[in-house]
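Topology and contacts: notes
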Amino acid sequence: MLEFEVNDMTCGHCVSAITKAVQAAAPQAQLDIKLDSHRVLVNGAPDATVIEAAIREAGYSPVRV
Ligand SMILES: [Cu+2]
């Protein structure tokens with residue numbers, strides 16, 4: 001499992017933007033987003049770099065934890 005802290009993910013719109021971006025980059029990935037703790041958990045994605053880049057390109061600042 002990959003885990004990212006995304007502190008600028010602050011509302012439902014952010015969650016949906018990040019979900020779409022990650023699903024576009026890695027269609028096989030399973031996402032578990034925890035808005036309260038600003039965490040994005042990703043299962044089934046082979047490459048953390050791809051996920052991190054997708055979140056960044058959506059306009060957010062992920063930090064791998
Ligand atoms: Cu938002």
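Our structure's up above, just so we're on the same page.
Residues numbered from 1 in each chain as written. Predicted model: local features only at pLDDT ≥ 70, side-chain atom pairs only at ≥ 80, totals over all residues.

Quick look at the overall build of the chain
Threshold: Each helix corresponds to a stretch of at least 4 residues labelled H or I by DSSP, and each strand to a stretch of at least 2 residues labelled E; elements are numbered beginning at the N terminus. For this measure, only C-alpha atoms enter the radius of gyration; the expected value for a globule follows 2.2 Å times N^0.38, where N is the number of residues. Exposed residues have 12 or fewer other C-beta atoms within 10 Å of their own C-beta, buried residues have 20 or more, and partly exposed residues fall in between, where C-beta atoms are placed from the backbone. Contact between two residues is assigned whenever their backbone-derived C-beta positions fall within 7 Å.
Secondary structure summary: the chain contains two helices and four strands in total. Overall, the chain shows an N-to-C arrangement of helices and strands of β-α-β-β-α-β. Rg of the C-alpha trace for the chain: 10 Å, near the compact-globule value of 11 Å for 65 residues, within the 12% margin. The principal-axis extents of the C-alpha atoms in the chain amount to approximately 25 × 20 × 15 Å. Burial status across the chain gives 22% buried among its 65 residues. Sequence separation of 24 or more characterises 60% of the internal contacts of the chain that already satisfy a separation of 6 or more.

Some remarks on the environment of histidine 38
Along the chain, histidine 38 falls in the loop between strand S2 (30-34) and strand S3 (39-43). Sequence separation between histidine 38 and proline 62 is 24 residues; the distance between their C-alpha atoms is 9.6 Å.

Details of the pairing of S3
Short version of the rule: Here, a strand pair is defined by DSSP locating no fewer than two bridges between the strands.
The alternating pattern of S3 places Val40 and Val42 on a buried face, while none of Arg39, Leu41 and Asn43, on the opposite face, is buried. The pairing of strand S1 (residues 2-6) with S3 spans four bridges and is classified as antiparallel. Counterpart to leucine 2 in the pairing with S3 is valine 42. Examined bridge by bridge, S2 and S3 share five bridges and lie antiparallel to one another. Each residue of the ladder has a partner; that of lysine 34, found in S3, is arginine 39. Between S2 and S3, which pair antiparallel and follow one another directly, the connecting turn spans four residues, one of which, histidine 38, has a positive phi of 60°.

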